Amino acid sequence: MCGIVGYIGQKEANGILIDGLKRMEYRGYDSAGIAVLDKGSIFSLKRVGKVMELAKAQTKFHHHGPIGIGHTRWATHGNVSERNAHPHLSDGNRFAVVHNGIIENYLQIKAFLTEKNYRFTSDTDTETLANLIDYHYQKAPYLSFAEIVRKTLLHIEGTYGIAVMSKIFADEIVVARKSSPLLIGVGEGENIIASDAAAVARYTRCVVYLNDGEIASVRSDNFSITTLHENAVDVIRHELDWEIRDMDLEGYPHYMLKEIVEQPFVIENAMRGRFTADGCSAKFGGISLTPQELRTVDRLLFCACGSAYHACLAGKYLIEKYARIPVDVEYASEFRYRNAPLQRNTLVFVVSQSGETIDTLAALHEAKRRGYTVLGITNVVGSTIARATDAGIYQHAGLEMGVASTKAFASQITILSMLALLLARIHDMDAIAGLQYVQALKSLPAITNEILKLSDPIRMIAEKYYECERFLFLGRQAMYPIALEGALKLKEIAYVHAEAFPTAEMKHGPIALISDETVCLFIATQNELLDKTMNNIQEVKARGGKVIAIVNNDCIAWEVFCDEVLTIPEVHPGINPIVSVIPLQFFAYYIGILRGCDVDRPRNLAKSVTVE
Ligand code: G6P
């Protein structure tokens, strides 16, 4: 979702801005633009569609300079058009603004500025910000650039990450944030600002994240940060923890495929250094709670969105099964507004790959407001959620470029499975059972490597079914969240309607959908209830439906009753969800490819959703 980049230094800004926008393409957007300061004037260039279009247009754009800002827009206010793409210039072209977020009181501001004879050329909320900055400049031209922006922001309701440049203040970019990420990539004689570290990683590994309510004045050789209320800020420099190669395709046709294939390595990274010396339990250096404190936890609450929500749901099954602690899982967007009753000794976790999802962040704040300890599971070091939680666990999955989560999802369930083990060992799991659990987890990289070999058989199945328009995903217990994730992947990647249900729920409604045009994917790796699942498969077949089954034993009945069978290794139930999801990721990937979809950048989706 919307990306911001800005450059101030000695080099030509255009190329760096476009490169930064390309690096953020994975987040999802519908138009792009840049503005540069050339010989005392601001010039902008915008295009609808891919950054590639902007890059092509830029070859004929004859304005250059060492200071500029750029943006990829995901439309909220106003249609997808060049007119509405950012940067937005103030009336008179003194200021240019790029903005992520939503200005809620923009209509009032627009009415006020229209009265003052300001002209507007777009339908966006952002243009009001550009003109309001100009208005404050006109009122008090003697103020510094940062003071003018600060005064403006005091009148803004809503959320923002902004970068502002000006022809009046030609050696400075001002940036500010409220609920929308922004960072400064600190270079030598240059600084690059961005909403995502991917845009700066080629130029520097040193980043400073802005916190909510902070404003920074960035020049080529220095920067200063204060709060909007002019208080001093402790500047903390972070080192980026992922590899530049995470951003490259390395020979793969798509990031999604590359990231599916990386999973054995990613899972290993999630576990590295996280087993106790006796080999019977897990430990997390980032969780500051002692066993005594963990013992007092009566209930867990997980808040998350999208795939992370499904990972939490799988975690619930594992934690409740092994640690016998009740777990609630809430969509963060629901939790933030619904005033959920919480038991006293509830430990809250927020789970977010990006660490920036606004609903998850709001759920975090809500839980903290109510006095609960909130821990985080996130992939991005230094992200807003990582900084706002009391403590937490990093996934170390590397940068995930595919919009639809794959490797980050697998790493989240791996961590949640380890959490189930840790809590179980504190409660009633004996050392032998703990040892077996640890051995199962340690076997995951090798087992997932085996499952990757199913890529070709899955592609062949996809070739048979890719034109179908109706898919049901069915799984029992911890496989139910995996069914949900499989259906979500198909929707996201291939734009096919897919639903997921606990297998036995099929007969309570979804069975009405079954005809010879329905494909049912059974995740039948939950061996305790195989006979029941077999009955459900027969019910589908009796109504002409097609059955694809993911199984983990060589029972003859599978071949007899199912149209397609994919066999994966039988594993410890604590790691079963992790291994069972991989075939579904491949399935969505191949169906998406066969239907001609842009699997890395699915339509309408954003990698991290930073607006409500
Ligand atoms: C968006 C993405 C999903 C992701 C969800 C939560 O909707 O398209 O793939 O699962 O956000 O993201 P998070 O970064 O909080 O895990």
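Residues numbered from 1 in each chain as written. Predicted model: local features only at pLDDT ≥ 70, side-chain atom pairs only at ≥ 80, totals over all residues. Heavy atoms only, no water.

## Quick look at helix α1 (residues 13-23)
Taken across its 11 residues, α1 has nine buried, putting it largely inside the fold. Residues of α1 that are buried: A13, N14, I16, L17, I18, D19, G20, L21 and R23. As for α1, its buried residues are in contact with β1 (3-8), β2 (31-38), α2 (51-58) and β4 (67-73). (Buried < 20%, exposed > 50% of the residue type's maximum accessible area, 1.4 Å probe, protein only. Helix = DSSP H or I, 4+ residues; strand = E, 2+ residues; numbered from the N terminus. Contact = heavy atoms within 4.5 Å.)

## Some words on the site of the ligand
The immediate surroundings of the ligand are formed by 14 residues, with S352, Q353, S354, T357 and A606 found nearest. At 2.6 Å from an oxygen atom of the ligand is found a side-chain nitrogen or oxygen belonging to S352. A distance of 2.7 Å is found between an oxygen atom of the ligand and a backbone nitrogen or oxygen belonging to Q353. At a threshold of 2 Å from the grid points, most atoms of the ligand map onto the largest pocket. (Near = heavy atom within 4 Å. Polar contact = N/O pair within 3.5 Å; in protein donor to acceptor, adjacent residues only side chain to side chain. 1 Å grid on protein atoms, 1.4 Å probe; cavity = no way out; pocket = protein on both sides within 12 Å on 5 of 7 lines; lining within 4 Å. Sits in = over half its atoms within 2 Å of the grid points.)

## Points about the packing of helix α7 (residues 263-271) against helix α14 (residues 431-452)
Taken N-terminus to C-terminus, the directions of α7 and α14 make an angle of 170°; their axes are 8 Å apart at the nearest point. Between α7 and α14, the angle is such that the two are roughly antiparallel. Between α7, through P264, I267, E268 and M271, and α14, the contact on the second element is made entirely by L441, K442, L444, P445, T448, N449 and L452. (Axes fitted to C-alpha atoms, helices over the stretch in contact; angles between N-to-C directions. Parallel < 35°, antiparallel > 145°, perpendicular 65-115°, else oblique.)

## Quick look at empty space enclosed by the protein
Throughout the structure, instances matching the rule amount to four cavities of 30 Å³ or more. Of the volumes computed, that of the largest cavity is approximately 220 Å³. Lining the largest cavity are 18 residues, and of these R27, D196, A197, S354 and V380 lie nearest its centre. In this structure, the second largest cavity encloses a volume near 100 Å³. As for the second largest cavity, its lining consists of 15 residues, and the residues nearest its centre are C2, W74, T76, H86 and G101. Those elements that place two or more of their residues in the lining of the second largest cavity are β4 and β6 (95-100). (Points joined across faces, edges and corners; volume = space filled by probe spheres on them.)

## Here we look at the packing of aromatic side chains
Enumeration according to the criterion identifies 11 aromatic pairs in this entry. Both rings, one in F95 and one in Y137, keep their centres 5.7 Å apart while their planes meet at 65°; by these two values the pair is edge-to-face. Of the two residues, F95 sits in strand β6 while Y137 sits in helix α4 (residues 126-139), which places them 42 residues apart along the sequence. Overall, F95 belongs to the buried group, its relative accessible area being 0%. (Phe/Tyr/Trp six-rings, centres within 6.5 Å; stacked < 30°, edge-to-face > 60°.)

## Topic: the sheet that holds strand β23 (residues 546-551)
Here we have five strands laid out as an open sheet, ordered β21-β20-β22-β23-β24, and parallel in their pairing. Two strands in the sheet have a free side with no partner beyond their single neighbour: β21 (497-502) and β24 (564-567). Taken pair by pair, the neighbouring strands of this sheet meet at an average axis angle of 15°, ignoring direction. Of the pairings in the sheet, the one linking strand β20 (residues 470-475) to β21 comprises six bridges and is parallel in character. Bridged to F473 within β21 is A500. Here helix α15 (residues 455-465) sits on the sheet and contacts β20, β22 (518-524), β23 and β24; the angle it forms with β24, its principal contact strand, is near 160°. Packed on one face of the sheet, helix α16 (residues 479-494) meets β20, β21 and β22 and runs near 175° to β21. (Pairing = 2+ DSSP bridges.)

## Re the domain arrangement of the chain
Interfaces are often sized by the amount of accessible area the parts lose when they come together. The domains assigned to the chain are domain 1 (3-240), domain 2 (254-451) and domain 3 (453-602). For domain 2 versus domain 3, the separation of C-alpha centres amounts to 25 Å. Between domain 2 and domain 3, the contact holds 38 residues from the first and 37 residues from the second. Carbon and sulfur atoms make up 73% of the surface buried where domain 2 meets domain 3, a total of about 3100 Å² over both sides. Linking domain 2 with domain 3 are one salt bridge. Where E450 meets K453, a salt bridge forms, and the shortest distance between an N and an O atom there is 2.7 Å. Applying the counting rule to domain 2 against domain 3 returns 15 residue pairs in polar contact (both at pLDDT 80 or more). At the level of elements, α6 (255-261), α7, α9 (306-322), α13 (407-426) and α14 are the ones that each hand at least two residues to the side of domain 2 that touches domain 3. In terms of residue count, the dominant contributor to the side of domain 2 that touches domain 3 is α14 (11 residues). Looking at side-chain class alone, the side of domain 2 that touches domain 3 contains 22 nonpolar, 14 polar and two charged residues. (Domains from an automatic or database assignment. Buried area = accessible area lost by both parts, 1.4 Å probe. Salt bridge = Lys/Arg side-chain N within 4 Å of Asp/Glu carboxyl O. Nonpolar A, V, L, I, M, F, W, Y, C, P; charged D, E, K, R; others polar.)

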